[in-house]
Each structure stands twice: as structure tokens, then as C-alpha cells.
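# Reading the structure
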Amino acid sequence: MQITISREQFLKPLTQVSGAIERKHTLPILSNVLLEIKDGTLAMTGTDLEIELVAAVKLEGAVSDAKITLPAKKLLDICKSLPDSSEIKLASQEHQLLLTSGKSRFSLTTLAAEDFPNLEQWEGEVEFQLTRLELRKLLESTHFSMANQDVRYYLNGMSFEVDNSEIKTVATDGHRLAIAQKKLSESVDMQRQLIIPRKGVQEIMRLLPADDELLSIQFGANHVRVIDTEFTFTSKLVDGRFPDYRRVLPRGGDKLVTANREWLRSAFQRVSILSNEKFRGVRLNLSSGLLKISANNPEQEQAEEVVEVGYEGDDLEIGFNVSYVLDVLNTLKTEDVQFTLADSNSSALIEGAGDDEAMYVVMPMRL
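What counts, and where the lines are drawn
Residues numbered from 1 in each chain as written. Predicted model: local features only at pLDDT ≥ 70, side-chain atom pairs only at ≥ 80, totals over all residues. Heavy atoms only, no water. Phe/Tyr/Trp six-rings, centres within 6.5 Å; stacked < 30°, edge-to-face > 60°. Helix = DSSP H or I, 4+ residues; strand = E, 2+ residues; numbered from the N terminus. Buried < 20%, exposed > 50% of the residue type's maximum accessible area, 1.4 Å probe, protein only. Pairing = 2+ DSSP bridges. Axes fitted to C-alpha atoms, helices over the stretch in contact; angles between N-to-C directions. Parallel < 35°, antiparallel > 145°, perpendicular 65-115°, else oblique. Left-handed = near helix turned anticlockwise from the far one by under 90°. Contact = heavy atoms within 4.5 Å. Nonpolar A, V, L, I, M, F, W, Y, C, P; charged D, E, K, R; others polar. Expected span 1.5 Å × (residues − 1). Arc of directions from axis to C-beta. Polar contact = N/O pair within 3.5 Å; in protein donor to acceptor, adjacent residues only side chain to side chain.

## Overview of the packing of aromatic side chains
Any pair of aromatic rings gets described here by the distance separating the centres and the angle formed by the planes. This model, assessed by the stated rule, comprises four aromatic pairs. Their ring planes at 85° and their centres at 5.6 Å tell us that F128 and F219 sit as a pair that is edge-to-face. Of the two residues, F128 is situated in strand β9 (residues 126-131) and F219 in strand β14 (residues 214-219); the sequence distance between them amounts to 91 residues. Residue F219 is classed as buried on the basis of its relative accessible area, which comes to 0%. Consider the rings of F144 and Y360, whose centres lie 5.9 Å apart with planes at 25°: the pair is stacked. Of this pair, F144 sits in the loop between α3 (132-140) and β10 (157-163) while Y360 sits in strand β24 (residues 358-362), and the two are 216 residues apart along the sequence. One exposure class covers both F144 and Y360, and it is buried. Through a chain of ring-to-ring contacts, three or more aromatic side chains come together here, namely F128, F160 and F219.

Listed below in C-alpha cells is the structure:
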């Protein structure tokens, strides 16, 4: 391998694929990045056996095909530390790669490219297109409700569902539920549900700019793939059955509360400062036109806020985990927010007023 490339051209794809590479690993090769030159294009691949990221850059001039693997973190740190607009020269020799830039010289140990794992080739069973912004919005609207290291492993990810002309993302940790949906421009004429692991969801969000560039999404039997102009992301799926979330959607809530989202968010934020740090519980007292939010903690400290709301109905007292409510209010972008409640033992349904693309369910707490 012998190439010359600008630091910026080399650094961008290297940074993109580095997210897939495990810091703690059992196989030494998994801490390496695969560099492959084919038909004048340099492709970089990073994987942890669960997800795989490939990013490519077109090379100038005549270059011969080659494959090599290098320690990803060291290579990334070297490239980041080089001056802007500098030129990088790579030359391989035996089990070493020599990287030179200006008066800097680095010699890195390589591992055999043949040993680099490859997520098996597969054909997509379903393929459809979304803009980067649409996919990002679907993930951002629900990702915070995913479980983290739950023994119910199927909750440590996000349900991704295609139902003919609609796509839906759903996440739950057993205490709260987030659902976002979007109409597809073209129907795919089939129904399919799969679970993307937590790391896969986080990597897609890290990679996607919020613009209107189109990307393709492919569903396979055991994998999902996102094909962007700048990268190709592949993830294994969580092998499990996602719970039937439709059964936990609150029914028969007759108490509708509307309020300015920012006022409400600020009030919850302030009260949360004095809530119990372990349980994070806050008490809501609802009466005609007013909502009182209060919290206390083991140090006998108390906080109280009164917010004007649109509500006409019976008085109600209910408790919630303030972190769950704030996650929803921080995610919604509408000016007003609507709570649908039934009684002090029933879950609350939270939606942005006039927005039917996302809904949130939060279970009550006993205080």
C-alpha cells in the first residue's frame, strides 16, 4: 500500500468508522480498522461483530489495490494531532505501516487483513428510502426510552416497524414508552418488525446530519443496513420479540390538560432540583385551570411550582418520575403540550398539541 492523501480527506471517514470499534475487546483485530484500496477508492471498515461501519474516499492518481489493518485509536489520534491541511503519506512494509506527514514519522504494527471479520453477505428483503432528517427525527423522538442493560434483552434496543406505507419506532424500558411514526412516500407492501440494538441506534444518530439527503434502509433476516452517500452502516438485530406496546396505551383518559411546553418544562426542571435523588418523584395536584408541582427529599427540603394550564374537571393528585416527564418535554418541539389522564393509578399519555407523529406514555409513581 502506498498512497498520499490530505489529512481532512483521511480523517473524516476514519472518524465515522471509529464509532463501531470496541475499546475493550477480546480479539486484537477488533481494535483495528481495515483499509482497503479497490478501483481507486479507499474504503475503511470498523466492526465489533455486532455493528459494522464502512466509509470511503476517492483517491487521486493511479493506486494499486491493497488491504491492511491498523490500530484504529492510535491512527485516529495521530491524524487528529497533525496540523490542518497537512498531507499524509502511507507506505506498508512487512508487518508495519509507515505514516509520514511533514517532519513527523510514525511506524504502526499491522495485522493480517484476511483475519478481519466481515458481517456475512446478505440480501435485503425490504428496501425503502427516507431523508436523513426523517430517520434522525424518528430515532431522536424515541431513543431515550430504551432500556439499558435490562435482563429483558429485547428492551435494550428499539423496535423498527414497517407497515405498508408507514414506518414506526418504539422504545420502552418497562416504566415509560415512546412511539414515533412517519408516512413513507411509497408503500413497501409488506409488514415487518425488527429490533435494532442500543449501540446501533446511537451510532446512526451520531452519523446522520439533519438534512434532506436521501438514504436507503434495508431489512434482512438478521440485519438492518443504512446506505448513505458517505457511509454504509450494518447492524445485527436483537433476536427476540418486542412486547405488544399497543396493549399498554392508556384507554379512557377523560382528563385533558394543555399547557405551554416551555413553561411546564421550566417548572418541572426547577422542582426536580429538590426531588429525591434516588427516586426522582414529583407530585402533581391538578385543579381547574391550575397545576401544582411539588417535590421533597430526605433532607426535609421542599419545592413547589404553580403553572396555569387548560383544564376543566375534577381535582386529581398523581406522582411521576420527573426525569421521565422532562425527557418527553425536552424532546417535543411543539409550543403546547397535552396530557391525557384518567386517575392517580393510571399511566399518562403525553403528546405535542397538534402533532400526531409522536406519543409518550409514562407510568405513575406512588409517593
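## Details of the pairing of strand β8 (residues 104-109)
Pairing of strand β7 (residues 96-101) with β8 involves six bridges; the strand directions are antiparallel. Following the sheet pairing, L98 is matched in β8 by S107. Counting the residues in the hairpin turn of β7 and β8 gives two residues, including G102, whose phi is positive at 60°.

## Section: the sheet that holds strand β22 (residues 336-341)
An order of β13-β10-β11-β12-β24-β23-β22-β17 is seen for the eight strands of this open sheet, with the pairing classed as antiparallel. Two strands lie at the open edges of the sheet, namely β13 (191-197) and β17 (255-260), each paired on one side alone. For this sheet, the mean inter-axis angle between neighbouring strands, taken without regard to orientation, is 20°. By the bridge criterion, seven bridges tie β10 to β13 in an arrangement that is antiparallel.

## So, the packing of α3 against helix α4 (residues 198-207)
Taken N-terminus to C-terminus, the directions of α3 and α4 make an angle of 135°; their axes are 10 Å apart at the nearest point. Comparing the axis directions of α3 and α4 gives the class oblique. Here α3 and α4 pass one another in a crossing that is left-handed. Between α3 and α4, the residues in contact are L135, R136, L139 and E140 and V201, I204 and M205, respectively. Of the residues that constitute the contact of α3 with α4, the class distribution is five nonpolar, no polar and two charged.

## Focus: helix α5 (residues 261-272)
Taking 1.5 Å per residue as the helical rise, α5 with its 12 residues ought to reach 16 Å, and the 16 Å between its terminal C-alpha atoms agrees with that figure. For α5, every residue scored as buried is listed here: R261, L264, A267, F268, V271 and S272. Mapping the buried residues of α5 onto a view down its axis gives an arc of 135°, with all of them on the same face. Looking at the packing, one finds that the buried side of α5 touches β17, β18 (281-287), β19 (290-296), β20 (302-308), α6 (322-331) and β22. N-cap assignment for α5: the residue whose side-chain oxygen lies 3.0 Å from the backbone N of E262 is N260.

## Examining the packing of α5 against α6
Running from N to C, α5 and α6 point in directions that differ by 150°, and their axes come no closer than 10 Å. Between α5 and α6, the interaxial angle falls into the category roughly antiparallel. The two elements α5 and α6 meet at a crossing, and its hand is left-handed. Facing R261, L264, R265, F268, Q269 and S272 of α5, the residues of α6 in contact are V322, V325, L326, L329 and N330. Of the residues belonging to the contact of α5 with α6, the class tally is six nonpolar, three polar and two charged.

All quantities given are derived from atomic positions and should not be read as evidence of function.
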